[in-house]
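A look at the structure
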Amino acid sequence: MSRYGPRIAALARRAERERAALDGDDRSPTASNRSPAPGDADAYLRDGVGPAVWLYVEGRTGGRTVPFTEAELAAIETAMNRWLECYTRCHGVDLEAAFTVREAAELLLETRNVVDTAQLLTRVPERDRASPPTG
């Protein structure tokens, strides 16, 4: 196990709870009676996707490369994808996310914005073709 193991495990547990809550799993401590709204989407990115991807970036660029185990890499990737699924559900899209944490990290480093990273990965919400790109 790498030194990131406990943080990865905590992220993975939280991601599963959040996803279960959106599925209406009454056993989830965060289950609610309301549907996710577009206004909730950024919280899933800020509190979930961002920390998961940044943990990977930190492990790969923080001086010495961290040798993540296969299980740790799978857990961080699954957590990131569960949060991306929560994000898309906020926009009314049911997506089975299967992105690699590496591709998300590359996009995050390029865009420097987790919202843009999520939109580029998931294509949710669709970009308005009539409006010029911001930046």
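Cut-offs used in this document
- Residues numbered from 1 in each chain as written.
- Predicted model: local features only at pLDDT ≥ 70, side-chain atom pairs only at ≥ 80, totals over all residues.
- Heavy atoms only, no water.
- Core = buried A, V, L, I, M, F, W, Y, C linked by side-chain atoms within 4.5 Å.
- Buried < 20%, exposed > 50% of the residue type's maximum accessible area, 1.4 Å probe, protein only.
- Helix = DSSP H or I, 4+ residues; strand = E, 2+ residues; numbered from the N terminus.
- Salt bridge = Lys/Arg side-chain N within 4 Å of Asp/Glu carboxyl O.
- Phe/Tyr/Trp six-rings, centres within 6.5 Å; stacked < 30°, edge-to-face > 60°.

This part takes up the nonpolar core. In terms of nonpolar packing, the biggest core is built from 35 residues, with Val 49, Val 53, Met 80, Trp 83 and Leu 84 touching the most fellow members. Of all the secondary-structure elements, those providing two or more residues to this core are helix H1 (5–22), helix H2 (41–61), helix H3 (70–90), helix H4 (101–111) and helix H5 (114–122). With 9 residues, the top contributor of residues to this core is H2.

Let us look at the pattern of salt bridges. Inspection of the entire model under this criterion finds 9 salt bridges. The shortest N-O distance in the salt bridge between Arg 19 and Glu 85 comes to 2.9 Å. One end of the pair, Arg 19, is in helix H1; the other, Glu 85, is in helix H3, with 66 residues separating them in the sequence. The pair formed by Arg 19 and Glu 85 is uniform in burial state, with each residue classed as buried. Several salt bridges share partner residues, and in doing so they unite Glu 16, Arg 19, Asp 23, Arg 82, Glu 85, Arg 89 and Asp 94 into one network.

Attention shifts here to the packing of aromatic side chains. Evaluation of the coordinates by the stated rule reveals 2 aromatic pairs. When the centroid spacing of 5.7 Å and the interplanar angle of 55° are considered together, the rings of Tyr 4 and Phe 68 count as tilted. Taken together, the residues Tyr 4 in the segment before H1 and Phe 68 in the loop between H2 and H3 connect sequence positions 64 residues apart. Both residues of the pair, Tyr 4 and Phe 68, belong to the buried class. Each ring, one from Tyr 56 and one from Phe 68, has its centre 6.1 Å from the other, and the planes form 15°; the classification is stacked. Here Tyr 56 is found in helix H2, whereas its partner Phe 68 is found in the loop between H2 and H3, with 12 residues between them in sequence. Neither Tyr 56 nor Phe 68 differs from the other in exposure class; each is buried. An aromatic cluster is present here, built from Tyr 4, Tyr 56 and Phe 68 joined pairwise through their rings.

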